[in-house]
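Understanding the architecture of this molecule
Each chain is listed here by its residues.
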Amino acid sequence: MNGIKHSFGLILCVLIAIGTASGFSFAEEQSANKVIDPKKSEIDHSGMDHSSMGSSEMDHSGMDHSSMDSSEMDHSSMDHSKMDHSKMESTEMDHSMHGGMDHSMHGDHNMTLDDEGMVMNSNDSTLPKDCKSISKEYFLEVEAGVEYAKPFPGTIFGMSEHEFKVEPCSKINVTFTNNDKVRHQWMVHQLPKYLYPQGMFHLEAAGGATKTGTFIVPSDNKTYLVHCDVAQHMEKGMKAQLVVGKGSGDLPSIPGVTRVFRPDIYPSTVSEVYLWVGFLLSVLATIWLARKFV
Amino acid sequence: MKKLVLIVLSLLAFSAFFLLLPSQYYPEPLRLKLYEWFGAQSFTQLPAPIETIVPDLIENPCPPDHQGWRPAQVIDGVSVGESKVCKPDNPYAVAASVKGTNNVSHMTLMNSKFTPDSVVKGKDLDGDGDPDEIHIRLEVIELNGASPDRTDPVTAYDIAAGVQPGFWVFAPKTFGMSTENFESTYANNMLRAPSPAIRVEQGDKVKITLENTHYLPHTIHFHGVDHPFLDENGEGNDGVPQVSEVPIMPGDQRTYEFQPRQPGSMMYHCHVQPHTHILMGLLGMFVIEENRPNNWVQSINIGAGHVRSPSVAIKEDYAEEYDLQYQAIDKQLNEIVGKYNDPRLIAKEMNRNYDITDATSDYYMLNGKSFPYTIPESIIVVEPDEKYKLRVTNASDHLVSLHMHGHKVKLTHYDGVEHNPVAQIQRDVVSISAAQRVDMELNTTNDGLNNYGEGIWVMHDHDEKGVTTDGMHPGGGITAIVYESFLNDNGLPKKQGVDWQKFFTPEFFQREIPVWVDFDVDKLFAEVEPTETSIWKYIFMGILLGLSLVFLLAVFRSDY
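Below: a short report on this structure.

Conventions used here
- Residues numbered from 1 in each chain as written.
- Chains lettered and ligands numbered in written order.
- Predicted model: local features only at pLDDT ≥ 70, side-chain atom pairs only at ≥ 80, totals over all residues.
- Helix = DSSP H or I, 4+ residues; strand = E, 2+ residues; numbered from the N terminus.
- Buried ≥ 20, exposed ≤ 12 C-beta atoms within 10 Å, placed from the backbone.
- Contact = placed C-beta atoms within 7 Å.
- Nonpolar A, V, L, I, M, F, W, Y, C, P; charged D, E, K, R; others polar.
- Pairing = 2+ DSSP bridges.
- Axes fitted to C-alpha atoms, helices over the stretch in contact; angles between N-to-C directions.

So, on to the overall build of chain B. The secondary structure content of chain B amounts to 12 helices and 27 strands. Principal axes of the C-alpha set define a box for chain B whose edges measure 115 × 55 × 50 Å. Looking at the 560 residues of chain B, the share that counts as buried comes to 49%. Considering only contacts within chain B whose residues lie at least 6 apart along the sequence, 70% involve residues at least 24 apart.

Listed below in structure tokens is the structure:
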């Protein structure tokens, strides 16, 4: 008879402890275990303002191209043949040749910058050293904006897709459309530096603009970080991964793909007082057992 | 009988414990009695001083000017004045701010980091040789924010060595990464505190577009700037959510329009939850320069400070012009953005849990930096017999009592309005209330009134909290008026007195370095060596104390 009573007390303690612990993890499980497919989620595009997409209203007629050579820089090694003077609003130049210029801010890049944004290190022909040919060609259409954050509570900015899977040595054409009215970026890091200065391929689209660029990935199985580097945009949802081949392991904190690495501590549905109730009960039960049997 | 034994044992144990205590813990009457009975004790050395070694600096606080940013130069036809400080403003950004990002060469734009539409200067409406249509685009940037992937702050920004409070700032629209490069978590030099000083000319048709790149809603209120309450389309133009317009949500933008008829030193700031958003750093100076022919003004002054391309009107009366913004921030407020990543939790903590009426400021800054980081960039470099225009703004929530050594400044304008010239007063302590702007004329004529001669004359808030960083002095918004004869070629003052190396180390602000360490050669005020004690002695003392208690309790349990 006594034995039944004892075990009842113990079971009660254990049950309370389990209940308390599960109450704590409840809020986390809700967000972490439910993987939402961004493609399947229903997004309302009706409220989007497409009229603002061609929002640049700038007069470039006053642009002083004559003064370009008067600035105190070494232009001797500059490759003027690659400059496209016919398109004044998107002057392209080869920055990789500027030996005498201090590029500490932007390194040596192949970059085009205009009202609509920027394309950096676009490469549609040079193969990585380890690739004999292009294995496959992809055309990725990525959209960015606050509406893509809606399926993921706790994020503010988002992309239409947060994971891209491609074959090694493949050629990737990215069309990046920004549905917001602020800048967004689609930036890949840690590509080979001999081919992509600073290891970056980078598209930046102004509010309402679309930018297109191409890059060729090397042959190794690797997972690359893709993000928007406007302050706090990656942290608040604009983080994705590019999986080449088998990849090299998932990156954390990617909306819809992987769990947040350092989640905040969220309020729980159960008060933590119950943890102490359980603790107290188990102490009392131990004392009770000790007095009975010792 | 047994009880008596137990009591005696208990007392013995307690006495033994007591005797093992250092005599400092004995009650005063007992110590006097002991002295009476046994006389003075024999000499023992007090704890020895220990040497504190000031760590080597990882970075040169005054780096050489590899980029050639310091000398006076002409970029795209814009004359950019010499900057004599260690860390000058980027002259390409200055040139692009003067000429307009739509009018400069591609090279200048690339070197400035502005986007082509950041500062657009359009038509010359009055035909006086300068553009009168100005369209500036601003973003909102978080510095020292949280990350779900790491514990250190991201888009990092130091106000002093190792001091990284969270900030929100307005920043000009720029392209590329927010950090210096992929390896660095530090913000690029366009993203910093304070929000940039904006300059337009009186009568300009001004458009300011706020592109809300931040994850919370914001607006802009143009404080003191002549602007209509509603714009031409009937949209709110005053930035006040309660009466004018719904705040700009993340990813959205709004354009404010006005044509200021009066010149003066004004401000712009966010008016959403102003008791937190302003103090988080969403406040900058807005200067309207007097209308003059051929007056190309420097529309953006990154980090405020020296105006490298002053307006025509300023050049008529002054040798140089300086924008000075005093700021203060409360640790409990600014650490919220580093503590949480989920914007819902940040909003709740800021809007509902944080109570500003219980707040005290911890970090005091001048132009986004605290001493000694003010010195490489925010000193006022002067020559004798000249006049300098100082536009001073108080963006903090306390009264700044600005005191300058060696000078008495003349207060020419309050809140952008000229003080009656015959009644203008001279002071060496200037009270600047919260949100107030005071224009000062710094006259370097050595006449015993305006100036007492050349030197390195410090200038600081005389509310003494303002010269500390989280209570450590020297810190806060201390800077100096430095005469050129007292300036080294590298831009640092030829100072005398104590060594500064310690001030540039994080350890100093972590309170690990005795403040007089460099000149206290005999270690009179050094760190004290801890008293050597054995662990066993402490355990033994603990056992004695416990025994005395056990014996005492046993008295009540004994049957006799």
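What follows is about the interface of chain B and chain A. Each partner contributes to the interface: chain B provides 53 residues, whereas chain A provides 49 residues. For the side of chain B that touches chain A, the secondary structure elements donating two or more residues are strand 2 (73-75), helix 4 (106-112), strand 5 (133-143) and helix 9 (343-353) of chain B. The greatest single-element share of the side of chain B that touches chain A, amounting to five residues, is contributed by helix 4 of chain B. Considering only residue class, the side of chain B that touches chain A consists of 19 nonpolar, 24 polar and 10 charged.

What follows covers the sheet that holds strand 10 (residues 210-216) of chain A. Residue and element names in this part refer to chain A. Judged by pairing direction, the sheet is mixed, and its four strands sit side by side in the order 5-4-7-10 without closing on themselves. Each edge of the sheet is formed by a strand with only one pairing partner; in this case those strands are strand 5 (158-159) and strand 10. Summarising the sheet, strand 4 (residues 137-145) and strand 5 pair through two bridges and their orientation is antiparallel. The residue bridging Ala144 from the neighbouring strand is Met159, located in strand 5.

By the criterion of burial, helix 2 (residues 28-38) of chain B is predominantly exposed, with just zero of the 11 residues buried. Immediately beyond the C-terminal end of helix 2 of chain B, within one or two residues, lies B:Gly39, with a positive phi of roughly 75°.

Let us look at the sheet that holds strand 26 (residues 479-483) of chain B. All names here are of chain B. One open sheet holds the five strands; their spatial order is 17-26-25-19-23, and the pairing between them is mixed. The strands lining the two open edges of the sheet, one partner per strand, are strand 17 (380-382) and strand 23 (429-432). The average angle at which neighbouring strand axes cross in this sheet is 20°, direction not considered.

Residue and element names in this part refer to chain A. The alternating pattern of strand 3 (residues 117-120) places Gly117 and Val119 and Met118 and Met120 on opposite faces, both of which are buried. What sits between the antiparallel neighbours strand 2 (residues 110-114) and strand 3 is a turn of two residues. Relative to strand 9 (residues 201-205), strand 3 runs antiparallel, the two being bridged by four bridges. Within strand 9, the residue paired with Met118 across the bridge is Glu204.

Leave glycine aside and you will find that most residues have negative phi; peptide bonds, for their part, are mostly trans. In this structure, the amide linkage connecting B:Ala193 to the following residue, B:Pro194, adopts the cis form with an omega of -10°. For B:Pro194, the position within the fold is in the loop between strand 6 (167-172) and strand 7 (197-201). That bond from B:His473 to B:Pro474 is cis: its omega, 0°, falls within 30 degrees of zero. The topology assignment puts B:Pro474 in the loop between strand 25 (456-461) and strand 26. Phi at A:Asn121 is positive, roughly 60°, even though this residue is not glycine. Here A:Asn121 lies in the loop between strand 3 and strand 4. Among the residues examined, A:Asn121 registers 23 C-beta atoms within 10 Å and is labelled buried. Non-glycine residue B:Asn367 carries a positive phi angle of around 45°. Inspection of the secondary structure assignment puts B:Asn367 in the loop between strand 16 (363-366) and helix 10 (375-378). By the C-beta count within 10 Å, which is 25 here, B:Asn367 ends up buried.

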